[in-house]
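# Observations on chain architecture
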Amino acid sequence: MRSKLVAGNWKMHGSLSGNQGLLQAVRDGVKGNAAVAVCVPYPYLAQARAVLEGGSVAWGAQDVSEHAQGAFTGEVSGAMLVDFGCRYVLVGHSERRSFYGDTDAVVAAKFTAALKAGLTPVLCVGESLAEREAGTTGEVVTRQIDAVLSSSGVAAFSSAVVAYEPVWAIGTGRTASPAQAQEVHALIRQRFARDSAEVASGLQILYGGSVKPGNAKELFGQPDIDGGLIGGASLVAEDFLAICAAA
Ligand code: 13P
């Protein structure tokens, strides 16, 4: 049996004063068997470490540079994230892909850089509404995964996590049904199984997109859904803790 993971993605939300209570409540309130993490904006990594260190909740970032160091103004390297105690980093979130030009090749390079630095990359994949309606979900998700597989190889995924986040379900209140999500999760696992049955069976595949306390249990009950990547609901301690408990 794979263990479950619930990761919060705060996106560009928070303030030093507001975060304090949220982080403390998550640290104090988390129970159950699922691993829990929060991916916070860069300026709050030190705060996340200060509050969460020594507890069971891990922390991480939402993006990482594909470069190790150098003249790359505004970028943050994997080693810098490790300096702040990060365990996880999101790569290829759909908002990075659509607003900041993270192509499949860039995402693959960031994935490699994260692993090299000793981080656990959470590779985000997912189709847009138009792609789903055109019946190309499988094709899109496979293309996004193949870009990383061809540069990093399947063995890299024994130290990584995949998150399926259909773009049409992110922040829209429109969740993929458990059956819709399970179908894509199974397809993702089959894709990995083509390269390594062992890696595929151990791989945590998270679902993200309008996960709420009311739908988490059913989603996480699907055979190939190993937890969630939580946006909006990770900003409300009570909701996030309820989702963690559901896992
Ligand atoms: P929501 O949970 O707000 O839909 O966001 C999902 C997401 O993008 C997490 O990375």
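Residues numbered from 1 in each chain as written. Predicted model: local features only at pLDDT ≥ 70, side-chain atom pairs only at ≥ 80, totals over all residues. Heavy atoms only, no water.

### Brief notes about the site of the ligand
Asn9, Lys11, His93, Glu165, Ala169, Ile170, Gly171, Gly209, Ser210, Leu229, Gly231 and Gly232 make up every residue found near the ligand. Here an oxygen atom of the ligand and a side-chain polar atom of His93 are 2.8 Å apart. Here an oxygen atom of the ligand sits 2.9 Å away from a polar atom, N or O, in the side chain of Glu165. Classifying every residue of the shell around the ligand by side-chain character gives 3 nonpolar, 7 polar and 2 charged. (Near = heavy atom within 4 Å. Polar contact = N/O pair within 3.5 Å; in protein donor to acceptor, adjacent residues only side chain to side chain. Nonpolar A, V, L, I, M, F, W, Y, C, P; charged D, E, K, R; others polar.)

### Comments concerning the pairing of strand β8 (residues 227-230)
Taking every second residue as pointing to the same face, both faces of β8 are buried, with Gly227 and Leu229 on one and Gly228 and Ile230 on the other. Sheet topology places strand β1 (residues 5-9) next to β8; 4 bridges connect them, and they run parallel. Residue pairing in the sheet places Gly8 in a bridge with Ile230 of β8. With helix α10 (residues 213-220) bridging strand β7 (residues 205-208) and its parallel neighbour β8, the resulting β-α-β unit is right-handed. (Buried < 20%, exposed > 50% of the residue type's maximum accessible area, 1.4 Å probe, protein only. Helix = DSSP H or I, 4+ residues; strand = E, 2+ residues; numbered from the N terminus. Pairing = 2+ DSSP bridges. Right-handed = clockwise from strand over helix to strand, strands pointing away.)

### Focus on unusual backbone geometry
Apart from glycine, the bulk of residues carry a negative phi angle, and the bulk of peptide bonds sit in the trans form. With a phi angle near 55°, Lys11 is a residue other than glycine that sits in the positive phi range. Among the secondary structure elements, Lys11 is positioned in the loop between β1 and α1 (16-29). One non-glycine residue, Ser210, lies in positive phi territory at about 55°. With respect to the secondary-structure elements, Ser210 resides in the loop between β7 and α10.

### Overview of α1
When the terminal C-alpha atoms of α1 are compared, their 20 Å separation across 14 residues agrees well with the 20 Å that a helix rising 1.5 Å per residue should span. Here α1 has its buried residues at Asn19, Leu22, Leu23 and Val26. Down the axis of α1, the buried side of the element spans an arc of 100°, and every buried residue falls inside it. Those residues of α1 that are exposed and aimed more than 90 degrees away from the buried face are Ser17 and Asp28. Its buried side turned inward, α1 meets β2 (35-39), α2 (45-52), β3 (57-61) and α11 (237-246). (Expected span 1.5 Å × (residues − 1). Arc of directions from axis to C-beta. Contact = heavy atoms within 4.5 Å.)

### Observations concerning the packing of helix α5 (residues 104-117) against helix α7 (residues 137-152)
Contact geometry of α5 with α7 gives a least axis separation of 9 Å together with a crossing angle of 45°. With respect to their mutual orientation, α5 and α7 come out oblique. When you trace α5 past α7, the crossing you get is right-handed. Contacts between α5 and α7 involve Asp104, Val107, Ala108, Phe111 and Thr112 from the former and Arg143, Gln144, Ala147, Val148, Ser151 and Ser152 from the latter. Considering only residue class, the contact of α5 with α7 consists of 5 nonpolar, 4 polar and 2 charged. (Axes fitted to C-alpha atoms, helices over the stretch in contact; angles between N-to-C directions. Parallel < 35°, antiparallel > 145°, perpendicular 65-115°, else oblique. Left-handed = near helix turned anticlockwise from the far one by under 90°.)

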